[in-house]
Amino acid sequence: MSRTKPAPRPEPVDPKNGGLRLRARLRALYHGSSPVAVRFRLAVLIIDLLIIAFFIAAPLLRMEGLIFYIIDYVIAAVLLADLAARASAYSSIRDWLKKPLVWVDLFVFATLLFPFLFNLGFLRVLRLWTLIHSEFFWRTVGRRYDDTRVEDVTKALVSLITFVFVATGFVYTSFMGRHDGISGYLDALYFTVTSLTTTGYGDITLPGEWGRIVSILIMLGGVTLFVRLGQTLLRPHKVRFPCDRCGLQVHDPDAVHCKACGKILCIPDEGA
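Residues numbered from 1 in each chain as written. Predicted model: local features only at pLDDT ≥ 70, side-chain atom pairs only at ≥ 80, totals over all residues. Heavy atoms only, no water.

*Asks:* Outline the confidence of the model for the chain, supporting the account with residue identities and numerical values.
*Replies:* For the chain, the average pLDDT comes to 79, and 83% of its residues sit at 70 or higher. Confidence drops under a pLDDT of 50 for residues 1-5, and excluding neighbours within four residues, the segment shows 0 contacts in the predicted structure. Within the model, pLDDT remains below 50 along residues 7-16, and this stretch shows 0 contacts once partners closer than five positions in the same chain are excluded. (pLDDT = per-residue confidence, 0-100. Contact = heavy atoms within 4.5 Å.)

This is the structure in structure tokens:
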């Protein structure tokens with residue numbers, strides 16, 4: 001009479017190993033080059049851009065009450081999940097927290113989570129700046145243009161756009177209802193653009209000494225960013241190829257020797 005073999009006991013699950021497998025999976029998705037990882041990062045970027053579009057359009061939507069808070073908390077949950085996943089995918093959370101872009105994202109998350117920071121909600125547009133200046137974006141969308149003039153121009157342009165919307169949000173938050181000229185978000189945007197381009201039509205001006213200080217800062221910031229964008233567009237093209245002797249980061253595309261130390265270079269060239 002045959003005896004039935006007892007079913008094998010399941011091996012105990014080590015939660016630490018499970019956590020390591022999750023971190024390895026996240027690292028593969030956030031930093032890998034497989035088609036699955038690229039599609040995952042594209043989906044994350046699309047969600048990010050939709051959230052940024054909502055941040056920009058929110059003052060025009062005039063949403064109030066419970067609906068606005070629900071959307072804020074939903075976005076906060078999405079950002080929290082993304083930040084937690086990125087931290088887990090990084091080799092060292094301590095090193096991850098040393099990145100300035102991370103702290104900007106954490107501040108954006110705080111403005112969504114805590115209602116008393118609502119008046120600083122215009123700073124949420126900084127999410128656009130951190131996204132375009134992140135390795136995550138260029139490794140996913142701009143791999144072909146990473147470390148090229150296209151990357152430099154894009155970053156300069158996005159810095160200018162971010163400044164426009166941050167300044168507009170500040171003017172709208174600070175002067176809406178306190179000055180007759182600023183009766184809506186479009187008025188604040190119009191004032192910001194005319195100020196940073198130094199056009200100054202004069203039909204909308206900010207009152208008092210504080211208003212003059214804000215106007216001066218907008219003009220200085222706008223001119224600086226315009227000059228930076230112009231320099232990026234007009235300066236001779238350079239390629240990033242660090243010299244292993246002196247550390248010079250950029251060189252002419254056809255450079256044979258390092259301009260700083262004279263070491264022979266071997267810059268990759270497709271021959272186009």
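Resuming the write-up.
*Asks:* Hey, could you go over the environment of Phe-55 for me, with residue numbers and the actual values?
*Replies:* When you line up the elements, Phe-55 lands in helix 2 (residues 35-61). In this structure Phe-55 comes out as buried when scored by relative accessible area, which is 7%. In sequence terms Phe-55 and Phe-165 are 110 residues apart; their C-alpha atoms lie 9.9 Å from each other. Beyond its immediate chain neighbours, meaning those up to four positions away, Phe-55 contacts Ile-75, Val-108, Leu-112 and Arg-124. (Helix = DSSP H or I, 4+ residues; strand = E, 2+ residues; numbered from the N terminus. Buried < 20%, exposed > 50% of the residue type's maximum accessible area, 1.4 Å probe, protein only.)

*Asks:* Outline the pattern of salt bridges, listing residues and values.
*Replies:* Scanning the model with the defined rule gives 8 salt bridges in all. One salt bridge in this structure joins Asp-82 and Arg-127, with 3.3 Å as the shortest N-O distance. One end of the pair, Asp-82, is in helix 3 (residues 66-89); the other, Arg-127, is in helix 6 (residues 126-132), with 45 residues separating them in the sequence. A salt bridge links Arg-127 to Asp-105; its shortest N-O distance comes to 3.2 Å. Taken together, the residues span a long stretch of sequence, with Arg-127 in helix 6 and Asp-105 in helix 5 (residues 100-113) at a distance of 22 residues. Overall, the relative accessible area of 4% leaves Arg-127 in the buried class. Asp-105 gets classed as buried once you look at its relative accessible area, which sits at 11%. Through salt bridges with shared partners, one network takes in Asp-48, Asp-82, Arg-86, Asp-105 and Arg-127. (Salt bridge = Lys/Arg side-chain N within 4 Å of Asp/Glu carboxyl O.)

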